[in-house]
Number of protein chains: 2
Amino acid sequence: MESRIERLCVERGLKMTGQRRVVARVLSDASDHPDVEELYRRAATLDSRISIATVYRTVRVFEEKGILDRRDFGGGRARYEPSEHGHHYHLIDVGSGKVIEFQDAEHEALMRTIAQRLGFELVSLRLELFGRKLDPVQAPKQARARRPKPSNHPTEQVQA
Amino acid sequence: MESRIERLCVERGLKMTGQRRVVARVLSDASDHPDVEELYRRAATLDSRISIATVYRTVRVFEEKGILDRRDFGGGRARYEPSEHGHHYHLIDVGSGKVIEFQDAEHEALMRTIAQRLGFELVSLRLELFGRKLDPVQAPKQARARRPKPSNHPTEQVQA
DNA sequence: ATAGGTGCAAAGCATTTGCCGCGGT
DNA sequence: ACCGCGGCAAATGCTTTGCACCTAT
């Protein structure tokens, strides 16, 4: 069946190849923020004759067409999520690397005001919180690498 | 003369070599957010027998000692500024790449509250605004590269 | 038919690191 | 003297690209 993102591709006049269909499906099904490696892994299980270069090219095209948003949570690799996913920000759990999404209606308006006060029209903004889970019982204290690369975990959806 | 940052190095027990002294001086004198290339360029004018690998090693050490803060403004290269520079955020002019600093006292408290509501202790946060200069006269419309790499410009200090 | 997509391997960039001689303390 | 530091070049990790072939439209 045609995935949600495949539909968007067609709308925007992209040539639909087998590989793009697979990546579109993987993205449509994802509820997290996978990096290219991860997309490639998931795509390969659906169709093993896809190369990682194609995944790189595909996310770039999708991003240029406004279908995907690229995120940089620090850790050196870009991560992706579908654009039409509502306005939200991210909180990264520094312990586990999990990403929690949250919303804050007032925030963007506030930032727009600040930008204006500085003489700028707000084009976009980046807001990420890094937090440690408040121990409900007892947070396991784990050794920390010097430059932790947040891993890829399912994303929780939360209203703040 | 001993630069401000050199003093910090000594306080924190770093072995002071000629190269470190040079990097410390460059950083003490900087009022912007240079990347490693730029630090290297500036350092080389003071002492040409320094290698870029040393600059990389030095900023890493300084960062670990809490002397420097690393910033990622998007564009693939890390940029640095002295830590004891007061709490502030950054607005990047998407037209020119210039970085404007601003403060907002309430903001961090607000984010702390949000994190807590989600069950997290706020460890750090990243906030960057990207804006286009509001035309006082007429903003020059320039062609945009696909993945613009913000260049390195003197930083303006502003109160928002 | 043909513009554009794909695979593969090589190239690119920013950054790190192994090795080994050198220089602070 | 000793341990850490610096230079150089090679290695790394993510991402892009040249080239030759293939395929949606």
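See above for the structure.
Bear in mind the structure is a predicted one, so any value in this text is a computation, not a measurement.

Any chance you could break down the interface of chain B and chain A for me, citing the residues and the numbers?
Contact residues are listed per partner, giving 42 residues for chain B and 42 residues for chain A. For the pair chain B and chain A, the summed buried area comes to about 3800 Å², and 60% of that belongs to carbon and sulfur atoms. The tally of links from chain B across to chain A stands at six salt bridges. Here aspartate 72 of chain A and arginine 126 of chain B are joined by a salt bridge, their closest N and O atoms 3.7 Å apart.

If you had to explain the environment of glutamate 121 of chain B to someone new, which residues and values would you point to?
The topology assignment puts glutamate 121 of chain B in strand S5 (residues 120-133). Glutamate 121 of chain B sits in the partly exposed class, given a relative accessible area of 40%. Considered as a pair, glutamate 121 of chain B and glutamate 81 of chain B are 40 residues apart in the sequence and their alpha carbons are 26 Å apart. Discounting residues that sit within four places of it in the chain, glutamate 121 of chain B has contacts with Phe130, Gly131, Arg132 and Leu134 of chain A.

Can you lay out the nonpolar core for me, pointing to particular residues and giving the numbers?
Soluble globular proteins: nonpolar side chains tend toward being buried together. Leu91 and Leu129 of chain A together with Leu91 and Leu129 of chain B are the most contacted members of the largest nonpolar core, which totals 26 residues. Contributions of two or more residues to this core are made by strand S3 (89-93), strand S4 (99-102), helix H5 (105-117) and strand S5 (120-133) of chain A together with strand S3 (89-93), strand S4 (99-102), helix H5 (105-117) and S5 of chain B. Core analysis: the second largest hydrophobic core is formed by 21 residues, Cys9, Val55, Val61 and Ile67 of chain B among them.

Explain the relation of the copies chain B and chain A residue by residue, including any values.
Of the transformation superimposing chain B on chain A, the axial component is 0.0 Å and the angular component is 180°, with the fit at an RMSD of 0.1 Å. Classification of the inter-copy transformation places it as that of a two-fold axis. Among all residues of chain B, the one whose C-alpha sits closest to the rotation axis is leucine 127 of chain B, at a distance of 2.3 Å. When the interface residues of chain B are mapped onto chain A, 100% of them again lie at the interface, so the same face is used by both copies.

Explain the protein's contact with DNA strand D to me, and be specific about the residues and the numbers.
Taken together, 20 residues lie near DNA strand D, and Arg77 of chain A together with Thr17, Gln19, Arg49 and Thr54 of chain B sit nearest. What you see for DNA strand D is that sugar and phosphate hold 71% of its atoms within 4 Å of the protein. A distance of 2.8 Å is found between a phosphate oxygen of DNA strand D and a backbone nitrogen or oxygen belonging to alanine 78 of chain A. At 2.7 Å from a base nitrogen of DNA strand D is found a side-chain nitrogen or oxygen belonging to arginine 57 of chain B. If you list the elements that add at least two residues to the surface near DNA strand D, you get helix H4 (52-64) of chain A together with helix H2 (18-29) and helix H4 (52-64) of chain B.

Quick one: what's the story with the environment of leucine 134 of chain B, residue by residue and with numbers?
Mapped onto the elements, leucine 134 of chain B comes out in the loop between S5 and strand S6 (156-157). By relative accessible area, which is 37% here, leucine 134 of chain B ends up partly exposed. Residues leucine 134 of chain B and glutamate 38 of chain B, 96 residues apart in the sequence, show an inter-C-alpha distance of 29 Å. Beyond its immediate chain neighbours, meaning those up to four positions away, leucine 134 of chain B contacts Gln116, Gly119, Phe120 and Glu121 of chain A.

Would you mind going over H2 of chain B in detail, with residue names and values included?
For H2 of chain B, with twelve residues, the first-to-last C-alpha span of 17 Å sits near the 16 Å given by 1.5 Å per residue. If you follow the buried residues of H2 of chain B, they end up packed against helix H1 (4-11), helix H3 (36-46), H4, strand S1 (68-71) and strand S2 (79-82) of chain B.

Outline the packing of aromatic side chains, supporting the account with residue identities and numerical values.
The description of an aromatic ring pair rests on the distance of the ring centres and on the angle between the ring planes. All names here are of chain A. Inspection of every chain in the model, using the stated rule, returns two aromatic pairs over all chains. Judged by centre distance (5.9 Å) and plane angle (45°), the ring pair of tyrosine 89 and phenylalanine 102 falls under tilted. Here tyrosine 89, found in strand S3, pairs with phenylalanine 102, found in strand S4; they are 13 residues apart in sequence, far enough to count as distant. Phenylalanine 102 shares its class with tyrosine 89; the two are buried.

Describe the packing of helix H1 (residues 4-11) of chain A against helix H2 (residues 18-29) of chain A, and please don't skip the residues or the numbers.
Residue and element names in this part refer to chain A. One way to put it is that H1 packs onto H2 with a least axis distance of 7 Å and a crossing angle of 130°. Compared by their axis directions, H1 and H2 come out oblique. Note on element contacts: H2 touches H1 through Arg21, Ala24, Leu27 and Ser28, opposite Arg4, Ile5 and Glu6. In terms of residue class, the contact of H1 with H2 is made up of three nonpolar, one polar and three charged.

So, the environment of alanine 43 of chain A: which residues are in play, and what are the values?
Residue and element names in this part refer to chain A. Within the secondary structure, alanine 43 sits in helix H3 (residues 36-46). In the structure, alanine 43 is positioned 31 residues away from arginine 12 in sequence and 22 Å away in space, judged by C-alpha atoms. Look past the residues within four positions of alanine 43 in its chain and what remains in contact with it is Val22, Val26 and Ile50.

Cut-off values and rules
- Residues numbered from 1 in each chain as written.
- Chains lettered and ligands numbered in written order.
- Predicted model: local features only at pLDDT ≥ 70, side-chain atom pairs only at ≥ 80, totals over all residues.
- Heavy atoms only, no water.
- Contact = heavy atoms within 4.5 Å.
- Buried area = accessible area lost by both parts, 1.4 Å probe.
- Salt bridge = Lys/Arg side-chain N within 4 Å of Asp/Glu carboxyl O.
- Helix = DSSP H or I, 4+ residues; strand = E, 2+ residues; numbered from the N terminus.
- Buried < 20%, exposed > 50% of the residue type's maximum accessible area, 1.4 Å probe, protein only.
- Core = buried A, V, L, I, M, F, W, Y, C linked by side-chain atoms within 4.5 Å.
- Least-squares fit on C-alpha atoms with pLDDT ≥ 70 in both.
- Near = heavy atom within 4 Å.
- Polar contact = N/O pair within 3.5 Å; in protein donor to acceptor, adjacent residues only side chain to side chain.
- Expected span 1.5 Å × (residues − 1).
- Phe/Tyr/Trp six-rings, centres within 6.5 Å; stacked < 30°, edge-to-face > 60°.
- Axes fitted to C-alpha atoms, helices over the stretch in contact; angles between N-to-C directions.
- Parallel < 35°, antiparallel > 145°, perpendicular 65-115°, else oblique.
- Nonpolar A, V, L, I, M, F, W, Y, C, P; charged D, E, K, R; others polar.

Read these as spatial facts, not as claims about activity.
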